Amino acid sequence: ASDAVAGAATLVRLAWKRGRPVETPPGARATAALGFATGLLVAVTSVGSGSLLMVVLALVYPLRSQTMVGTDLAHAFLLSAAATAGHLVSGRVDLGLASAVLVGAIPGVMLGARLAMALPERALRFGLAAVLVGVGGYLSLFNLTPEVRG
């Protein structure tokens, strides 16, 4: 659902922002408070940091799409590292599965980073919004609770 909100927020900003001056982003305290809220929601809901932070970035900060994605990834990297350390210590990580997923994910990320720089700003922003709305809609419509294996 947060993916759909992020995508919708991006689409609204695309339509609304046309011809308007750049807004002033919130100050350091407000930004830290937004970061706290994002981290808290990630920990409580397990919704990805990228989904939640993209909502904040799309609604509040006047960033280019490439900068929004890069900022989100830097934030997610550090937040995920801290969360991963906690889960590793607690024994809740399937290292084999994580490694197998990374084998495909790392080349995908490399290609995606190059693609993000090659696409026009508007196309990237629209594509990002469409993906977020699509994923959010799919997750909202279908029961995705897996059966727990013994």
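In this text, all values refer to a predicted model and were calculated from it rather than measured experimentally.

Caption draft 1: A look at a nonpolar patch on the surface. Judged by side-chain polarity, Val-131, Val-135, Tyr-138, Leu-139, Leu-141 and Phe-142 come together as a nonpolar surface patch covering roughly 600 Å² of accessible area. Mapped onto the fold, Tyr-138 is located in helix 6 (residues 121–141).

Caption draft 2: Structural context of the pattern of salt bridges. Inspection of every chain in the model, using the stated rule, returns two salt bridges. With a shortest N-O distance of 3.8 Å, Arg-64 and Glu-121 are connected by a salt bridge. With Arg-64 in the loop between helix 3 (49–60) and helix 4 (65–89) and Glu-121 in helix 6, this pair connects stretches of sequence that are 57 residues apart. For Glu-121, a relative accessible area of 23% gives the class partly exposed. Measuring nitrogen to oxygen at the nearest pair gives 3.3 Å for the salt bridge that ties Arg-125 to Glu-121. A residue pair is termed a helical-turn pair when its members lie 3 or 4 positions apart in one helix, as Arg-125 and Glu-121 do in helix 6 at four residues. Shared partners join several salt bridges into a network, and the residues in it are Arg-64, Glu-121 and Arg-125.

Caption draft 3: The arrangement of helix 3 in detail. Taking 1.5 Å as the rise per residue, helix 3 with twelve residues should run 16 Å; its terminal C-alpha atoms sit 16 Å apart, in good agreement. Burial analysis of helix 3 places nine of its twelve residues in the buried class, the great majority of the element. Every buried residue belonging to helix 3 is among Ser-49, Ser-51, Leu-52, Leu-53, Met-54, Val-55, Val-56, Leu-57 and Ala-58, and all of these are buried.

Procedures and definitions
- Residues numbered from 1 in each chain as written.
- Predicted model: local features only at pLDDT ≥ 70, side-chain atom pairs only at ≥ 80, totals over all residues.
- Heavy atoms only, no water.
- Patch = residues over 30% accessible without salt bridge, like charges linked within 9 Å, V, L, I, M, F, W, Y side chains within 5 Å.
- Areas by Shrake-Rupley, 256 points an atom, 1.4 Å probe, with all protein chains shown as cover.
- Salt bridge = Lys/Arg side-chain N within 4 Å of Asp/Glu carboxyl O.
- Helix = DSSP H or I, 4+ residues; strand = E, 2+ residues; numbered from the N terminus.
- Buried < 20%, exposed > 50% of the residue type's maximum accessible area, 1.4 Å probe, protein only.
- Expected span 1.5 Å × (residues − 1).

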